[in-house]
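An overview of the molecular structure
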Amino acid sequence: MAAIVVSAYKGVIDSVLSKLKELMTGDKCTNVIGMSSMDILFLKDELPAMNALLEKLEDADELDPQVKNWRNQVREMTYDIEDCIDDFSNNVASVDAKAGFLDKASHFLKTCRAHLEAAWQIKELKTRLLEINERCKRYKVEDYISSTSSVIVDPRISAFYKEAASLVGIDNPKRDLTKLVMDEEKQLKVLSIVGFGGLGKTTLASQVYREVGGQFNCKAFVSVSQKPDMVRLLTSVLLQLKQHPPSHACVVQDLINNLREYLQDKRYFIVVDDLWDVPAWNIIACAFPQNDQHSRVIITTRHEDVARACSSNHKCIHNMKPLSDQDSRKLFFNRIFGSEDDCPSYLTEVSCQILKKCGGLPLAIVTAASVLACQPTRLKEQWEHVQSSLATNKFARKSTLEDMMHILDLSYKSLPHHLKACFLYLGAYPEDCVISKVELVKRWVAEGFVSTYPGQDAWVVAESYFSELVNRSMIQLPYKDYYNEVSHCRVHDLMLDMILRRCKEDNFISVIHDPQAARQVQDKIRRLTIDLNGAEDDKIAMTITRQVSQVRSLAVFGGSKWIPPLLEFKFLRVLFLEFFLREMIIDLTGINQLSQLRYLKVECKECLMDGDIPSQLSIVLPGQIRRLRHLETLELPWVSDCSIPAISDIVDLPCLSHLVLRQHTGGLPDGIGKVKSLRTLHGFNLPVSSLENINGLGELTNLGDLSLHCGTGYSESTSTTPGWMTALSCSLEKLGSLKGLSVRSSSPFHSCCADALSNWPSPPFLNLGQLDLLDWTFSRIPRWIGHLHCLRELALGAKQILQEDVDMIGTRLPSIVHLSLRIVPGIPAKGRKIVIAGSTGFAALRFFCFDSSEMSCLTFGVGGMPQLRRLLLGLDPREWDKATPVGLHHLSRLEEVRVLTASPAAAGSESMEGKSALIKGAFQDALPSRPAFVLLPRIRSLADHVNCCKINMETLVYK
């Protein structure tokens, strides 16, 4: 039997039925005072009939307003029943056996009160249910159920995603716009792309950005959104320009000054996407100084008056046009069949009718085609049903845009029931937000949206839901990672409008920009997103009302210091808090009272983007967290101080599956081996952990992602726990389910540490996809690396790396796309040569990092690394052999070369400045003119620079 799931349409009625059954068969019901046992039995017997009726209504195309009102009443009542049951169960939970007499007496009184309150609430709910039943008869609900069901779709279709992302009809506009960007005019030029939503403005801008961006000194691509947060927007520009924003809370003027100062003498290229009004441009434009360096700015907008205000003359304005009939057909049929020639003749006529309704809008064409592509068969009747659904718009036809909104509605109705709640949940994120797949699927599971059968992994099933939404083009890809997999998504703003409209209709998610606005909401809020949008902390307040007190999911975005009054949200299941500041105290002591909490994540965006550990950010947790019996995910950011007296309680959380405490300086908690449910473990300090706890890691056989670190300056000889490396090696041998393994350090280890892992005859984790041991030093590349055939990302350090090591990696690891190799400095090369040619493998490699001051030992031959896009080279100017890798011109697809030199302190000397100039000159002479070249100081560890390159490597695919 499938696990109980939450529905946007039916609410939590399935969950309620399951909990009522447990109450009737458990001990708690017999102790409830009064007639509540009979009342509970009445609820249990009546709700299944309502559930069956709701399931029929869910497949109806249209509902009468009275029927819709009845459905909403049932849905809201199920939420109230579940809250009542959860509150009662929490209050009558058994007391700790070690509790004293006073604690036991207090618990007895609390239990008696809970019985009385539950009995009263259940009687009230029974009365409501009787009234709802009467309305059902009065409204004749069953008479309004339509016999027409939504489009049948195949939930496992995945073959067409690649074609959906292909671009059609963009070559000519891209060529024209590129000419304007690259003309000879020296003064700053602002170009505008104008057209309504869905025409592909951002796609065109991103293609030009990708085509010519490498020919500018610096570049950035930012989205504005309808209600822009200027601090966040300008900070994003600074970070893309590799500049550090102020570490303290700053005003817009500070950021503009920083940008103007940096860009004054640079040739820069900035894309400002989705600009809505002139006042926003007047602020943003202040950051772009006039200069004679051929600088360019492109803005995309829906409004011609904005385009005219931004651009100096009409020649700098490009008006987007719908696709031609030919390009429309190409995009449509490519999405469904792979090519236009493969369309059966019996579908030609109905296809033309569907395309006519799409009006040449790429978004509408892809969306409609995705509905058809996900059908398991190619029946003409199914296509005619889609065509008639588009043609039966009950509203008068006002514009092609309105028709497109109807197409988006159809795409939502065509979703299987199990995807609808997951899709609508995207409305919990702000406009233009880039959403992590890992975060999203964890929140889906915590919310109860994922249906599983015994033996199924809920997170694996949730990832399949994500893939289905991608395949149906319901969500877009801000970028693809190295592996051509999808790691993040975003929602087109027109799709988001449709989502928020349906969320409001079903009371699924409420989005507000001022906490005080919650008092104006008429219905009880079940899921709440507060987007503070840079609001000042002293002006933020929140009055808890009955509407807010029953919130199940709370997300706070916007970067202020405001923390909601957590104690008031006693039914909370999901809590997400985003901050943009480094100097604050995050008080989370209230979470101990949130007995239903499943998901807790605190994110400091600026710290994640910057990569530095903040100096004045601290988190305070409660003394004990063992009451959070349902907690599945606990994720906290890098902090200077994390008060975790309750760290030992973590091992008492029976459902904990994902524990991420970034750079937590303490050791593994005592008894870590008891947390059998753990799948993700990040952030603990190995050398200060006890041997017992390191050995306990071997008991966590469900672990798929393990990332640990070693504090500054630690090695096997200086560790406070001698023998920890051997213990770690023994534990790793038991973790056959690992998909990702990383152990980081701020200083490389002695070879004795790394070599403890060298003697495995074969690796215990054959499905490993990511291995990061770059901070370690092996004597040689371990032979067992060649058995990791699923490996896609590898980072290793060694005293010496020979040709046979490189050949082994290239030929035996066909899936590898990200490779980082570090050779320990100071060890003589003895004529070492590494040649990477066509016969060496690396057919899929996109990124290569090579850290060695002896650049002459590296040679690229013809056909070597044919897909390589980015090359990161690390060298010490004091030991550099004054050479560059041989054969750089053979890297035909190379887009960028980065060279890491000395630290900022060393780079300040005159001799270092001179050596940096020599390095730059040598590489620019050796490189073809096409790849961009960047010379960077080594401000972080090599592994941090590698991760930074990985983020920047991702190819942007905008809406």
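Residues numbered from 1 in each chain as written. Predicted model: local features only at pLDDT ≥ 70, side-chain atom pairs only at ≥ 80, totals over all residues. Heavy atoms only, no water.

Scanning the chain from N- to C-terminus turns up 29 helices and 31 strands. Out of the 959 residues in the chain, the part that is buried amounts to 56%. The long-range fraction of contacts in the chain, counting pairs at least 24 apart against all pairs at least 6 apart in sequence, stands at 71%. (Helix = DSSP H or I, 4+ residues; strand = E, 2+ residues; numbered from the N terminus. Buried < 20%, exposed > 50% of the residue type's maximum accessible area, 1.4 Å probe, protein only. Contact = heavy atoms within 4.5 Å.)

Right, let's talk about the sheet that holds strand β1 (residues 189–194) for a bit. Within a beta sheet, neighbouring strands are joined by backbone hydrogen bonds and run either parallel or antiparallel to one another. Strand order in the open sheet formed by five strands is β2-β3-β4-β1-β5, and the pairing between neighbours is parallel. Every interior strand has two partners, whereas the edge strands, β2 (218–223) and β5 (317–319), have only one. On average, each strand axis in the sheet is inclined to that of its neighbour by 10 degrees, with strand direction left out of account. In this structure, β1 lies alongside strand β4 (residues 296–301), joined through six bridges in parallel fashion. Across the sheet, residue K189 finds its bridge partner in β4, namely R296. (Pairing = 2+ DSSP bridges. Axes fitted to C-alpha atoms, helices over the stretch in contact; angles between N-to-C directions.)

Within the largest apolar cluster, 128 residues are counted, with the highest numbers of intra-cluster contacts made by L47, I298, F332, I354, F423 and W444. Residues within four places of L47 in sequence aside, it is in contact with I13, V16, L17, L20, M77, I81 and L129. By size, the runner-up hydrophobic cluster in this structure holds 113 residues, among which are L728, F778, L868 and W880. (Core = buried A, V, L, I, M, F, W, Y, C linked by side-chain atoms within 4.5 Å.)

Glancing now at helix α7 (residues 201–212). Over its 12 residues, α7 runs 17 Å from end to end, which matches the ideal 16 Å to within 8%, given 1.5 Å per residue. Summarising burial for α7: 10 of the 12 residues are buried, a large majority. (Expected span 1.5 Å × (residues − 1).)

Turning our attention to the packing of helix α18 (residues 437–447) against helix α19 (residues 458–471). Here α18 crosses α19 at 120 degrees, and the two axes come no closer than 9 Å. Of the two elements, α18 crosses α19, and the hand of that crossing is right-handed. When α18 is examined against α19, the residues K437, L440, V441, K442, W444 and V445 are found in contact with a partner set consisting of A458, W459, A462, E463, Y465, F466 and L469. When the residues that make up the contact of α18 with α19 are grouped by side-chain class, the tally is 10 nonpolar, no polar and three charged. (Left-handed = near helix turned anticlockwise from the far one by under 90°. Nonpolar A, V, L, I, M, F, W, Y, C, P; charged D, E, K, R; others polar.)

Looking at the element boundaries, C136 is found in helix α4 (residues 101–139). For the pair formed by C136 and M50, sequence separation is 86 residues and the distance between their alpha carbons is 9.3 Å.

This part covers the packing of helix α13 (residues 348–358) against helix α14 (residues 362–373). Orientation of α13 relative to α14, taken along the N-to-C sense of each, is 145 degrees, at an axis distance of 9 Å. Crossing of α13 over α14 shows right-handed handedness. Every residue of α14 that contacts α13 at I354, L355 and C358 is listed here: A364, I365, A368 and L372. For the contact of α13 with α14, a count of residues per class yields seven nonpolar, no polar and no charged.

On to the packing of aromatic side chains, then. Summed over the entire model, instances satisfying the criterion amount to 19 aromatic pairs. Aromatic pair W281 and F288: ring centres 6.4 Å apart, planes at 50 degrees, arrangement tilted. Taken individually, W281 and F288 each receive the classification buried, so the pair is uniform in this respect. Aromatic pair Y412 and F423: ring centres 6.1 Å apart, planes at 35 degrees, arrangement tilted. Of this pair, Y412 sits in helix α16 (residues 400–413) while F423 sits in helix α17 (residues 417–424), placing them 11 residues apart in sequence. Given the relative accessible area of 6%, Y412 is considered buried. Overall, the relative accessible area of 0% leaves F423 in the buried class. Taken together, the aromatic side chains of Y209, F216, F221 and F269 make up a single cluster linked through ring pairs. (Phe/Tyr/Trp six-rings, centres within 6.5 Å; stacked < 30°, edge-to-face > 60°.)

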